[in-house]
Structure formats: structure tokens, C-alpha cells
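# Observations on chain architecture
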Amino acid sequence: MCVVYHFLTYQKWFSHNFELIDMASAESMHNWDPHNEKGPKEPPLLPSASIRIKKDLMSLYKDPPPGIFATASESDIRNVHALIIGPMDTPYEGGMFYFFLRCPYDFPIKPPKVRFLTTDAGKVRFNPNMYACGKVCLSIIGTWVGPGWTPAQQLSSLLISIQSLFNDKPITNEPGYEKMFRPDESAEYSEMITHETIRVAVIGMVENQCHLTIPPEFVPIIERTFLQYFDVYVETCTKKMYLDGRKYKDPLNKSSNVVFKYKKMLAKLHEIKEKLVKKHKSLKQPSSDGDGSDYKEDTDEERIDETNVHEFVDSPEDVEDEDMDSYLEEYSEESSDDS
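Please read these numbers as outputs of a predicted model, since none were measured by experiment.

### Here's the deal with the sheet that holds strand S3 (residues 96–102)
With respect to topology, 4 strands assemble into an open sheet ordered S1-S2-S3-S4, the strand pairing being antiparallel. Pairing within the sheet leaves two strands with one partner each, and these edge strands are strand S1 (68–72) and strand S4 (113–116). Going across the sheet, the axis of each strand differs from the next one's by a mean of 20°, ignoring polarity. Alignment of strand S2 (residues 79–85) against S3, held across 7 bridges, turns out to be antiparallel. Within S3, the position partnered with Ala82 by the bridge is Phe99. Packed on one face of the sheet, helix H3 (residues 155–163) meets S1, S2, S3 and S4 and runs near 40° to S2. Sheet contacts for helix H5 (residues 185–206): S2 and S3; angle to S3, the most-contacted strand, approximately 70°.

Structure, rendered in C-alpha cells:
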């Protein structure tokens, strides 16, 4: 009897403390939204954080990972905008996905907060790890369990991690998907993602249908991407025209009922191309296979405006690269000692 009593007491204690641990974990994952203004007022950006953000941005500018573009807000360098182009041979191919990142005052000690904005105003969940509300689930930004952020990581490594979520079988990102879904559900889910990519991440982004505050530097990139992938979009719509009018219920977003509208989208794609060709007569037409292999760069006058990146990099308080590297190395060592 005594043993049973002690066992029940231990079980009650363990359950209570496990709940506290779980609540603490949930609390750490709760404040994920960089647009959330209800939290405590953030301290001013540390000089070391400003230097590190500039260094990360310059690295992205000089040696950008394929399909990733980033720029900072002119008014506040801690606000970083990112555009990720959907990789080839995935349901996201040619899609333009827009993210907003806000670096903390003590960056890179803590990771940026991230919000996904290409969601059709909160209606579309593009990935098991990307909610319709804009939350991105990744362990390195503290929104999922697993290895956390370290000061050695950069904005580029974070964006590459996000880009990796856009894979050829996105439903496999859902934990335990093998037990949750039918064997053919993966292909059906990918069909839905392909449709929503063209509808929301292509047409919706080019026309900015949700009135997002897209940086002007991204507009030429979006328009060029559309022209480069135009043949791919058209081929996809044509091949999948047999799905036109069918309905699909997203298994990960119960409130979403997708109606395939390939006929309507095909007409819209041609309409957009006609407008862009008139706007950019000097652009060479993309290759027939849609991969942009014969794409020609614009003249200097038409090149993408990168002035805001240069303003941050070339500002008077910037240090030389060698000094910056040594400073950041010392800073990282001090930070690891403090932790």
C-alpha cells in the first residue's frame, strides 16, 4: 500500500512538472511573430548587432544562394525582407515566396523572428511547416523542437533552411505522415500545392493581390522570374487542365477547400505576360524551355536597384572587413562564454 502511495505521489509530481516544462516550452515558442507589437518594447539595436546584420546582408549580396534574395528596410536595418524562388522539379517551381524577418537587438546571440507572407491573406498553408497565419516552424528560430540557433549561423543559413522546406514531397515534412495519410495522399497534396503556387505565389505575387509591402527592389526580380518561368507555368496549367473544376480539401488546413481553376489561371498568365512585355520591351524573351538559360541581363539603367544594401554596407561607421572579422570572432567567443 505504501509503495502504491509513493508511486501515485511520484506520478502526480512528474505529471505536474512535465506540464510546467511543456508550458515553458510552449511559451518560448509563442512569441514568434515579428509583427507582434503586444510584447515588451525591444531595446535599441546593439552596435555589434548592426555590424553583424550588415555583414550578413553583404554576404547575401556578394554571393547569394540560388533562388534567394534579401534586402533590409531603409528605415530600420533589423527588418529584413526575403524572397525565395520555388526550386525546380517541386510543386513550388517558379513560385515567389515572400518572408519578413526581424533581427533581435542582440543578434546574432538570438535568432530573427520570421513571418511568411505569401499566404493569400491567411487562407493558404503552403507547407506543413508554414502555417496560413505566417508562422514558420524551424528549430533554429525556436518555433519547433530540435537543434537551436547559434551565433555562428547567418541570415543566409536561415534562408537556406527555409528554402529546404520547399521540397518535392512537402507532406513528408509533417511528423508521422506515414500513419496519418493514405499512400496516395502525398501526390494529391502536391497537386494542390502546385495549383496554389501558380494562383497565389505567381499570379498573386506579380499582381500583389494582397497588397503586401513588397520592397521595390523585389519587383523587377518578381517580373523577371515570371517571364523566365512563363512557359513552365503554361505547360503546367495545360497538362493539369483535366483537374479544372475539381475540389480538394487540404488535410492540414480543414477550413481550406481548394477549387482547381487552371482554365482561368491560364488566361490570367497570358494577360500578365502581355502587360510585362509591353512594360519591359528591352528584356530578351525567356527560352522556350522556361529555364531562363538564354536570359540576358539588363543594361545598367535597368538593373535591380541595390542602393539600400550599399547604404548599409558603405555607411561611415562600418569597419574594414578584416577588423570586422576579428571583432565578430571575439564577440562570438565572449557570447559563448557568457552563455
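### Structural notes on the pattern of salt bridges
According to the stated counting rule, one finds 15 salt bridges in the structure shown. Where Glu271 meets Lys275, a salt bridge forms, and the shortest distance between an N and an O atom there is 3.4 Å. Taken together, the positions of Glu271 and Lys275, both in helix H7 (residues 262–279) and 4 residues apart, correspond to about one turn of that helix. Each of Glu42, Asp76, Arg78 and Arg102 takes part in one network of salt bridges that share partners.

### Details of the pairing of S3
Most of S3 is tucked away: 6 of the 7 residues are buried. For S3 and S4, the ladder comprises 4 bridges, and the chain directions are antiparallel. Paired with Phe99 across the bridge in S4 is Phe116.

### Some details on the environment of Lys261
Structurally, the position occupied by Lys261 is in the loop between strand S6 (257–259) and H7. Through-space distance from the C-alpha of Lys261 to that of Cys237 is 9.1 Å; in sequence the pair is 24 residues apart. If near-sequence neighbours (up to four positions away) are discounted, Lys261 is found in contact with His195 and Asp244.

### Let's talk about the confidence of the model for the protein chain
Confidence in the prediction for the protein chain averages 80 pLDDT; 73% of positions are at 70 or higher. Taken together, the stretch residues 1–28 has pLDDT below 50 and engages in 1 contact with residues farther than four places along the chain or on a different chain. Note on residues 326–339: pLDDT is under 50 here. Beyond four places in sequence and across chains, it has 11 contacts.

### Describing the nonpolar core
Within the largest apolar cluster, 73 residues are counted, with the highest numbers of intra-cluster contacts made by Phe99, Val136 and Ile162. No other element matches the 11 residues that helix H6 (residues 218–239) contributes to this core.

### Describing unusual backbone geometry
The omega torsion across Phe107 and Pro108 is 10°, close enough to zero to call that bond cis. With respect to the element layout, Pro108 can be found in the loop between S3 and S4. Phi at Asp89 is positive, roughly 60°, even though this residue is not glycine. Looking at the secondary structure, you find Asp89 in the loop between S2 and S3. Using a relative accessible area of 66% as the deciding quantity, one classes Asp89 as exposed. Notably, His211 is not glycine yet its phi reads approximately 55°, a positive angle.

### Observations concerning helix H2 (residues 47–62)
With 16 residues, H2 should reach 22 Å at 1.5 Å per residue; the first-to-last C-alpha distance of 23 Å fits that figure. Burial in H2 covers these residues: Ser48, Ala49, Ser50, Ile51, Arg52, Ile53, Lys54, Asp56, Leu57, Met58 and Leu60.

Rules used in this analysis
Residues numbered from 1 in each chain as written. Predicted model: local features only at pLDDT ≥ 70, side-chain atom pairs only at ≥ 80, totals over all residues. Heavy atoms only, no water. Pairing = 2+ DSSP bridges. Helix = DSSP H or I, 4+ residues; strand = E, 2+ residues; numbered from the N terminus. Axes fitted to C-alpha atoms, helices over the stretch in contact; angles between N-to-C directions. Contact = heavy atoms within 4.5 Å. Salt bridge = Lys/Arg side-chain N within 4 Å of Asp/Glu carboxyl O. Buried < 20%, exposed > 50% of the residue type's maximum accessible area, 1.4 Å probe, protein only. pLDDT = per-residue confidence, 0-100. Core = buried A, V, L, I, M, F, W, Y, C linked by side-chain atoms within 4.5 Å. Expected span 1.5 Å × (residues − 1).

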